[in-house]
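Architecture at a glance
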Amino acid sequence: MEHLVSSWCNGRSLPESYILPPEKRPGKLTVPLANNIPVIDLRGHDQTDLIQQILEACQEFGFFQVINHGVPSNLMDEAMSVFKEFHALSAKDKAIETSKDPSKSCHIYTSSPNYATEKFHFWRDGLVHHCNPLEKYIQFWPEKPPRYREVVGPYTAEVSKLGFRILEFISQGLGISLGGLGGNQALVVNHYPPCPDPSLTLGLGKHMDPVFINILLQSDVYGLQVFKDEEWIGVEPIPNAFVVNVGYPLQIISNGKLKGAEHRVVTNSNVARTTASYFINPSNETLIEPAKSLVDASYPALYKSLLYKDFLIKYIAASTDSKALEEALRATV
Ligand code: OGA
Ligand code: NI
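Throughout, a residue's number is its position along its own chain's written sequence, starting from 1. Whichever chain is written first becomes A and whichever ligand is written first becomes 1, with later ones labelled in order. Under the rules for a predicted model, residues below a pLDDT of 70 receive no local features and side-chain atom pairs below 80 are neither given nor counted, while totals for whole chains, interfaces and linings still include all residues. The basis for every side-chain value is the complete set of non-hydrogen atoms in the structure, without hydrogens or water.

**Looking at the UniProt feature "domain: Fe2OG dioxygenase" (unreviewed entry) in the protein**
UniProt positions are given in the numbering used here, feature names are shortened, and annotations may be inferred rather than shown by experiment. As recorded in UniProt, the feature "domain: Fe2OG dioxygenase" (unreviewed entry) lies at residues 182-282. Helix and strand definitions here come from DSSP, where helices need a minimum of 4 consecutive H or I residues and strands a minimum of 2 consecutive E residues; each element is numbered from the N-terminal end. In the segment residues 182-282, helix accounts for 6% and strand for 42%; the C-alpha atoms at its two ends are 7 Å apart.

In structure tokens, the structure reads:
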């Protein structure tokens with residue numbers, strides 16, 4: 001396996017393979033923090049109002065934060081602690097703890113899943129594992145740190161519940177029912193070590209997530225930026241909040257009504273940043289296409305229909321070229 005950033009980065013200068021071409025570099029590292037990314041309180045609203053707020057956020061930003069979401073804050077804190085402890089293990093332990101399933105439902109990688117073919121690398125390590133059904137997959141999760149399964153099991157169950165609640169609000173807001181909800185749910189625990197030169201590299205390049213939605217625990221360290229109106233805006237860390245974002249398949253299903261916002265991660269030279277993405281994916285055999293009720297003469301279908309597994313093939317083939325991907329997915333007029 002390629003070497004995890006965290007296993008060699010200490011005291012080193014930035015290797016050439018991490019230096020991005022000038023047009024892909026972060027530019028200004030301090031961008032405005034998004035005082036305009038909606039923060040939605042899931043408690044104490046009537047349902048119609050809540051659906052309205054969520055839908056507006058998905059239309060305008062493709063991003064929002066949720067507070068009072070029902071996931072206990074001590075569970076969030078404990079999960080973040082074990083995620084950090086995991087990434088602090090030795091490289092050997094991390095390799096052992098992530099190779100229990102021969103079919104790799106749990107694995108670790110560095111930079112991106114395209115490490116072997118990508119032109120440059122990103123400054124992050126990622127632990128990935130499937131989460132549902134829990135009884136099937138938990139046996140393959142790390143057993144170090146010792147409390148990993150005991151804490152992350154209930155954590156993923158709670159976050160999954162929250163994710164489906166939000167998806168239900170979105171589908172009610174759009175007036176459609178989402179098919180393919182039985183797809184896999186995966187946790188990606190990202191780790192971005194302190195970086196010797198944050199101006200030349202990124203933790204994650206500009207991308208849209210290939211999922212229905214992502215429920216992100218972003219910790220108290222800033223790093224996430226969203227691309228809106230041709231500008232980058234920062235997503236402010238808010239204690240006990242989750243960041244929610246719409247992925248590409250929902251942009252397609254909503255016929256462009258919802259935005260699968262592009263985002264990226266900048267690094268910093270002082271502290272490590274650990275985050276956890278909870279991805280809710282369509283099932284492989286789901287047809288990803290504009291919902292019939294959202295297509296008519298004034299709103300023709302913007303996208304072709306294709307099975308989710310074929311969407312993924314195109315997504316992976318396009319790698320970091322988001323324009324090429326959008327072209328490949330667009331309906332021909
Ligand atoms: C991702 C992602 C953001 C972050 O995992 O796809 O965008 O802040 N993560 O780690
Ligand atoms: Ni993402």
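From this point, things continue past the structure.
**Observations regarding the packing of helix α2 (residues 47-60) against helix α6 (residues 148-174)**
It is the contact of α2 with α6, at a shortest axis distance of 9 Å, that shows an interaxial angle of 90°. The angle between α2 and α6 falls in the class roughly perpendicular. On α6, the residues touching Gln47, Leu50, Ile51, Ile54, Leu55 and Cys58 of α2 are Phe169, Ile170, Gln172, Gly173 and Leu174. In terms of residue class, the contact of α2 with α6 is built from eight nonpolar, three polar and no charged. To define axes, lines are fitted to C-alpha atoms, for helices over the stretch in contact only, and angles between the resulting N-to-C directions are given on a 0 to 180 degree scale. If an angle is under 35 degrees, it is roughly parallel; if it is over 145, roughly antiparallel; if it lies from 65 to 115, roughly perpendicular; otherwise it is oblique. The contact rule is simple, with two residues in contact once any of their heavy atoms fall within 4.5 Å. Throughout this entry, Asp, Glu, Lys and Arg are counted as charged residues, while Ala, Val, Leu, Ile, Met, Phe, Trp, Tyr, Cys and Pro are counted as nonpolar. The remaining residues, Gly among them, count as polar.

**Focus: the pairing of strand β9 (residues 231-234)**
For a regular strand, side-chain orientation follows a simple rule: the groups alternate between the two sheet faces. Looking at chain direction, strand β8 (residues 224-228) and β9 are connected through four bridges and run antiparallel. Within β9, the position partnered with Lys228 by the bridge is Glu231. Between β8 and β9, which follow one another and run antiparallel, lie two residues, and Asp229 among them has a positive phi close to 50°. Note: two strands are recorded as paired if DSSP finds a minimum of 2 bridges between them.

**Digging into the packing of helix α8 (residues 308-318) against helix α9 (residues 322-329)**
Contact geometry for α8 and α9: axes closest at 8 Å, N-to-C directions at 155°. The angle between α8 and α9 places the two elements in the roughly antiparallel class. Every pair of crossing elements has a handedness; the one defined by α8 and α9 is right-handed. Contacts from Phe311, Lys314, Tyr315 and Ala318 in α8 reach Leu325, Ala328 and Leu329 in α9. Residues of the contact of α8 with α9, tallied by class, amount to six nonpolar, no polar and one charged. Should the near helix be turned anticlockwise from the far one by less than a right angle, the crossing is left-handed, and should it be turned clockwise, the crossing is right-handed.

**Thoughts on the coordination of the nickel ion (ligand 2)**
Metal coordination here is assigned from N, O and S atoms located within 2.8 Å of the ion, or within 3.2 Å for Na, K and Ca; omission of water means that sites may look incomplete. Within the protein, the atoms that donate to the nickel ion (ligand 2) are His207 (NE2), Asp209 (OD) and His263 (NE2), at distances of 2.1 Å. When the donors of the nickel ion (ligand 2) are listed by position in the chain, the intervening gaps give H-x1-D-x53-H. In this pair, His207 sits in strand β6 (residues 204-207) while His263 sits in strand β11 (residues 263-265), placing the two residues 56 residues apart along the sequence. A single burial state applies to His207 and to His263, both of which are buried. Per-residue accessibility, obtained with a 1.4 Å probe over protein chains only, is compared with the maximum for each type, and a residue is labelled buried under 20%, exposed over 50%, and partly exposed between these values.

**As for α8**
Listed as buried for α8 are Tyr308, Phe311, Tyr315 and Ala318. Along α8, the residues classed as buried sweep out an arc of 85° about the axis, all on the same side. Of the exposed residues in α8, those oriented more than 90 degrees away from the buried face are Ile313 and Ala317. Next to the buried residues of α8 lie β6, α7 (248-253), β13 (287-288), β14 (306-307) and α9. Residue Ser319 follows α8 closely and has a positive phi angle near 50°. It is the directions from the helix axis to the C-beta atoms that the arc portrays.

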